[in-house]
Amino acid sequence: MSMNQSNNQIIKKNLLIICRGAGDLATGIIHRLHRAGHRVIALETDYPAAIRRQVSFCEAVYDGSAAVEGVTARLVPALADAETYSGISDTPAAHIASEKWDSSAIEAVLEAGEVPLLIDPKGESIALLKPDIVVDAIIAKKNLGTTINMAPLVLGVGPGFTAGQDVHLVIESMRGHNLARIITDGMAQPNTGVPGNIAGFTSERVIHAPAAGYIHDVRKIGDIVQKGDEIARIYPDKESYDNALSEYVPVNATITGIIRGLIREGYYFRKGFKIADIDPRESELTNCFTISDKARSIAGSVLEAVSAFEHGVKIY
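Residues numbered from 1 in each chain as written. Predicted model: local features only at pLDDT ≥ 70, side-chain atom pairs only at ≥ 80, totals over all residues. Heavy atoms only, no water.

1. Quick word on the overall build of the protein
The helix and strand inventory of the protein stands at seven helices and 17 strands. Here the protein holds 316 residues, and the buried ones make up 49% of them. Summed over its atoms, the accessible surface of the protein is roughly 14,300 Å², and 49% of this surface lies on carbon and sulfur atoms. (Helix = DSSP H or I, 4+ residues; strand = E, 2+ residues; numbered from the N terminus. Buried < 20%, exposed > 50% of the residue type's maximum accessible area, 1.4 Å probe, protein only. Areas by Shrake-Rupley, 256 points an atom, 1.4 Å probe, with all protein chains shown as cover.)

Put into structure tokens, the structure is as follows:
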């Protein structure tokens, strides 16, 4: 089965699946689908803000590639800004995308057994690639443009989607009894703003920026810290890093434990932005570098829906 495009062709071997988002939860989904033999393409923003960077394929945006538990995602750069080619607002989406991405480069990454990653926050490439399935795992707590007509099967992870309206199925992302439940009618539970409980800690284990600015990491993911230890500094500009006299706002550990997530060095954010995550279980060092139980649970339900679709079993 193939897609016939002028000068652009992606050969479909098994299902072709596009996942919007490549943060830690999306990475768990992409990893599971890839390991199950499906051809998966990841779409990301040009400035991703993953906290659990060691298990997030979106790091390929910065480094060119990212490996998580034996699977590699590789950045496929855009050829150019599509708008410079079209010049008119009613140019078909597939044509715009074909001007922006080289399908042969995407195919080469797939044939190498890797996951192509495109910088495509709006999902423009979907019209070109015509996937069998689209999974929105951006985890934005709202729908950022995914529609039910993007593919024969469209899945939305977490709140912001309504099964049967903007997606075919919704996957619950809230920890608890219903985590990873496939929802065929309605929405996932709304975001509470309270992180999941780990060893008795919820909000305390997540650190939000005490000020706006650029981050300079003092400690790294995997370090054991004590409550109150300085783990990072926030500077008003990047040039202040190497100036010992520059003013900065310290970021201190809120609990004792292992730094499980820390936003990328030099990232700019506003006050209140989530920038770090501490796991109170000091013995769980490997958790920093492996896909989480939550991500694996959600990934299992996505694979269930994909398998049902593949075998003609209607579950919605």
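2. Regarding the layout of surface pockets
Unoccupied space between atoms shows up once a probe the size of one water molecule is rolled over them. Volume-wise, the largest pocket comes out at about 1,500 Å³. Taken together, 48 residues form the lining of the largest pocket, with D24, I138, I139, K141 and K274 sitting closest to its centre. When contributions to the lining of the largest pocket are tallied by element, the ones reaching two or more residues are α1 (24-35), β2 (39-44), β10 (206-208) and β17 (274-279). It is α1 that contributes the most residues to the lining of the largest pocket, three residues altogether. (1 Å grid on protein atoms, 1.4 Å probe; cavity = no way out; pocket = protein on both sides within 12 Å on 5 of 7 lines; lining within 4 Å. Points joined across faces, edges and corners; volume = space filled by probe spheres on them.)

3. Brief notes about the pairing of strand β13 (residues 230-235)
Relative to β13, strand β11 (residues 213-217) runs antiparallel, the two being bridged by four bridges. Bridging across to β13, I215 finds its partner in I234. As paired elements, β13 and strand β14 (residues 249-252) share four bridges and run antiparallel to each other. Bridging from a neighbouring strand, A232 pairs with V251 of β14. (Pairing = 2+ DSSP bridges.)

4. Notes on the packing of α1 against helix α7 (residues 293-310)
For the pair α1 and α7, the least separation of the axes is 8 Å and the interaxial angle reads 45°. The angle between the axes of α1 and α7 places the two elements in the oblique class. The two elements α1 and α7 meet at a crossing, and its hand is right-handed. Every residue of α7 that contacts α1 at D24, L25, G28, I29, R32 and L33 is listed here: K294, A295, R296, I298, A299, G300, V302, L303 and V306. Tallied by class, the residues present in the contact of α1 with α7 amount to nine nonpolar, two polar and four charged. (Axes fitted to C-alpha atoms, helices over the stretch in contact; angles between N-to-C directions. Parallel < 35°, antiparallel > 145°, perpendicular 65-115°, else oblique. Left-handed = near helix turned anticlockwise from the far one by under 90°. Contact = heavy atoms within 4.5 Å. Nonpolar A, V, L, I, M, F, W, Y, C, P; charged D, E, K, R; others polar.)

5. Structural notes on the sheet that holds strand β15 (residues 257-262)
Across the sheet, which stays open at both edges, the four strands sit in the order β10-β17-β15-β12 with antiparallel pairing between neighbours. The open sheet has two edge strands with one neighbour each: β10 and β12 (224-225). Pairing geometry for β12 and β15, over two bridges, is antiparallel. Bridge pairing in β15 places I224 opposite I258.

6. With respect to the environment of I298
Looking at the secondary structure, you find I298 in helix α7. Residue class for I298 comes out buried when judged on its relative accessible area of 1%. Between the C-alpha atom of I298 and that of I29, which follows or precedes it by 269 residues, the distance is 7.0 Å. Setting aside anything within four residues of it in sequence, one finds I298 in contact with L25, I29, V157, I171, E172, S173, L179 and A180.

7. A short note on the nonpolar core
Core analysis: the biggest nonpolar cluster contains 40 residues, and I29, I30, V135, I298 and V302 have the highest contact counts within it. Of all the elements, α7 adds the most residues to this core, at six residues. If we skip the residues at most four places from it in the chain, I30 touches C19, G21, A22, V40, A42, F57 and V115. Ranked by size, the runner-up nonpolar core spans 23 residues in total, among them L16, I106, I126 and A151. (Core = buried A, V, L, I, M, F, W, Y, C linked by side-chain atoms within 4.5 Å.)

8. Some remarks on the packing of aromatic side chains
According to the stated counting rule, one finds six aromatic pairs in the structure shown. When the centroid spacing of 4.3 Å and the interplanar angle of 15° are considered together, the rings of Y47 and Y267 count as stacked. On the criterion of sequence distance, the pair formed by Y47 in the loop between β2 and α2 (60-63) and Y267 in the loop between β15 and β16 (268-269) is long-range, its members being 220 residues apart. The class for Y267 is buried, based on a relative accessible area of 8%. Aromatic side chains Y267 and F273 sit 6.2 Å apart centroid to centroid with 20° between the ring planes, which places their arrangement in the stacked category. Between the NZ or CZ atom of K314 and the centre of the ring of Y316, over which it lies, the distance is 4.2 Å. (Phe/Tyr/Trp six-rings, centres within 6.5 Å; stacked < 30°, edge-to-face > 60°. Lys NZ or Arg CZ within 6 Å of the ring centre and 35° of its normal.)

9. Concerning the side chain of T146
Mapped onto the elements, T146 comes out in the loop between β6 (133-136) and β7 (153-157). In terms of polar contacts, T146 uses its side chain to reach the side chain of R20, at 2.8 Å. With residues near it in sequence (within four places) discarded, T146 still touches R20, D136, V154, F161, D166 and V167. (Polar contact = N/O pair within 3.5 Å; in protein donor to acceptor, adjacent residues only side chain to side chain.)

10. Focus on the sheet that holds strand β5 (residues 115-119)
Spatially, nine strands are ordered β3-β4-β5-β2-β1-β6-β7-β8-β9 in an open sheet, and the strand pairing comes out mixed. Each edge of the sheet is formed by a strand with only one pairing partner; in this case those strands are β3 (65-68) and β9 (182-183). The pairing of β3 with strand β4 (residues 71-75) spans four bridges and is antiparallel. By the bridge assignment for β4, V68 is matched with V71. In the packing of α1 onto the sheet, the strands contacted are β1 (16-20), β2, β3, β4, β5, β6 and β7, and the crossing angle to β2 comes to about 160°. Across the sheet, helix α5 (residues 103-111) touches β1, β2, β4 and β5, and the angle it forms with β2 is around 125°.

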